[in-house]
Amino acid sequence: EYERRFGAAKGYPLLDRAIQGLYPPGSTYKPFVLLSALRRGIVSTTDYYPCPPSWDVPEDPLHEVFHNWTTANLGSITLARALYDSCDTVFYPIGYEYWRRFYPPTDPPVEQIQRDLQAFGFGRPTNIDLPFEQDGRVPNAAWKSAIHKQYPKSFPDGQWFPGDFINMSIGQGDTLVTPLQLAAAYSAIQNGGRACVPHVFLRAQEADGHVIHSWHAQCHRMPFLQAQIEYVRQALTQVPVQGTAASAFIGFPFSQVQVSGKTGTAQVFGQQDYSWFAAMTQAQGKQYVVVALVEQGGHGSTTAAPIVRRVIEGLYGLPVNTFSNGGVTD
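Per chain, the residues get numbers from 1 upward, laid out in the order the sequence is written. Confidence filtering applies because this is a predicted model: local features only for residues at pLDDT of at least 70, side-chain atom pairs given and counted only at 80 or more, and all residues used for totals across whole chains, interfaces and linings. Only hydrogens and water are set aside; all other atoms, that is, all heavy atoms of the structure, feed into the side-chain values.

## Observations regarding the pairing of strand β9 (residues 258-266)
Burial analysis of β9 places eight of its nine residues in the buried class, which makes it a mostly covered element. When DSSP locates at least two bridges between a pair of strands, those strands are taken to pair. A run of H or I in DSSP counts as a helix once it spans at least four residues, and a run of E counts as a strand once it spans at least two, with each numbered from the N terminus. One ladder, built from nine bridges, connects β9 with strand β10 (residues 274-283); its direction is antiparallel. Opposite glutamine 258, over in β10, you have glutamine 282 as the bridge partner. Burial classes: relative accessible area under 20% of the type maximum marks a residue as buried, over 50% as exposed, and values in between as partly exposed (1.4 Å probe, protein chains only).

## Regarding the sheet that holds strand β11 (residues 286-294)
Spatially, the three strands line up as an open sheet ordered β9-β10-β11, and their pairing is antiparallel. Only two strands of the sheet have a single partner each, and these edge strands are β9 and β11. Within this sheet the neighbouring strands show an average axis-to-axis angle of 10°, counted without direction. With axes taken as lines fitted to C-alpha atoms, and helix axes fitted only over the stretch in contact, angles between N-to-C directions fall between 0 and 180 degrees.

## Let's talk about unusual backbone geometry
Following tyrosine 103, the chain continues into proline 104 via a peptide bond in cis, with omega recorded as 0°. The omega torsion across aspartate 107 and proline 108 is 0°, close enough to zero to call that bond cis. Positioned with a positive phi, tyrosine 12 is a non-glycine residue whose angle comes to about 50°. For tyrosine 12, the location among the structural elements is in the loop between α1 (2-6) and α2 (17-20). By relative accessible area, tyrosine 12 is classed as partly exposed at 44%. Non-glycine residue asparagine 127 carries a positive phi angle of around 70°.

## Remarks on helix α12 (residues 300-315)
Expected span of a helix, by definition, is 1.5 Å for each gap between consecutive residues, and there is one gap fewer than residues. Given a rise of 1.5 Å per residue, 16 residues ought to cover 22 Å, and the 21 Å separating the end C-alpha atoms of α12 matches this to within 8%. By the convention used here, residues are in contact when the closest approach between their heavy atoms is within 4.5 Å. Among the structural elements, β9, β10 and β11 are those in contact with the buried residues of α12. One or two steps after α12, the chain reaches glycine 317, where phi turns positive at roughly 65°.

## Let's talk about the packing of helix α3 (residues 30-39) against helix α9 (residues 179-190)
Running from amino to carboxyl end, α3 crosses α9 at an angle of 50°, the nearest separation of the two axes being 11 Å. Classified by the angle their axes make, α3 and α9 are oblique. Between α3 and α9 lies a crossing whose hand is left-handed. Residues Pro31, Phe32 and Leu35 of α3 form the contact with α9, whose participating residues are Leu182, Ala185, Tyr186 and Ile189. Split into classes, the residues belonging to the contact of α3 with α9 amount to seven nonpolar, no polar and no charged. By definition in this entry, angles of less than 35 degrees are roughly parallel, angles greater than 145 are roughly antiparallel, angles of 65 to 115 are roughly perpendicular, and the rest are oblique. Definitions for this section: a left-handed crossing has its near helix turned counterclockwise from the far helix by less than a right angle. A right-handed crossing has that turn clockwise. Here the term charged refers only to Asp, Glu, Lys and Arg, the term nonpolar to Ala, Val, Leu, Ile, Met, Phe, Trp, Tyr, Cys and Pro, and the term polar to all other amino acids, Gly among them.

## Structural notes on the nonpolar core
Within the largest apolar cluster, 79 residues are counted, with the highest numbers of intra-cluster contacts made by Phe32, Phe120, Phe122 and Ile312. For this core, the leading source of residues is helix α5 (residues 88-102), giving eight residues. Sequence-distant contacts of phenylalanine 122, defined by excluding residues within four places in its chain, comprise Tyr29, Phe32, Leu117, Val138, Val177, Gln181, Leu182 and Ala185. Buried Ala, Val, Leu, Ile, Met, Phe, Trp, Tyr and Cys residues that are joined via side-chain atoms within 4.5 Å together make up what is termed a nonpolar core.

By themselves, these observations are geometric and do not establish any function.
Structure below.
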């Protein structure tokens, strides 16, 4: 009876998806991949990068091709536009460069991108004051070898390949995050590179109001330059204005509330795409981070972005926009 009411057929309604749901982040991961690439000198904010419809892995005997989410050739673009237009083919070469630095593997292996993503809190608990939080996953060579030995049928190859880095560069492959991890990471960008432990507890007090215990912020500075954090944050302000979430934010009063964010369309084997949108807001002396995930909701712009817009309108007391399909973009 429990399984009938609360099992797979009902979508596991008792699962606390914010802290226990594990999902590929899709393109919502790109700001953190880009910050890692900037930190490691792989790319530069002053250069332009080609955004073709597809990209071939260099020197690959199998001639494996990775496609952009759109068939359009966007030409040479800045890193900022690569973020707000969510160009996969700008990020694939970043992933491949991490492979070049990694291979042949040393002991310990050079896994720069994994260390940078872990610095944002991915692959480990946020330490929110709630039980049963999941770690998520930032895959590396050791994990892949171990999971192959443990589950050889599900993971038939234990080697680490260029495609593992390439898939990671767009938030796919074996990468998994919780929605709260993603929200906490975007909060670090909004806070100018200062990451804080999320919490629900504020204080414990007696009936007469005497405070027994209070919550105190636990924050630390991220290992990224302030200019790099600001570049990414400014690029994300264009996502709802002229980027992949523009259709979902038509008519939004940006002069009253600043909104920046990132769409994500995560591929899950055997299911329809999962829809993500992560937003950062600032107005009226108040800042918020809002993350929406819709399982099998399609593109990030289609479903999650309009939901986030409605939440933002409610937070700031704006006129509620008629819910509309946000279009088909990444």
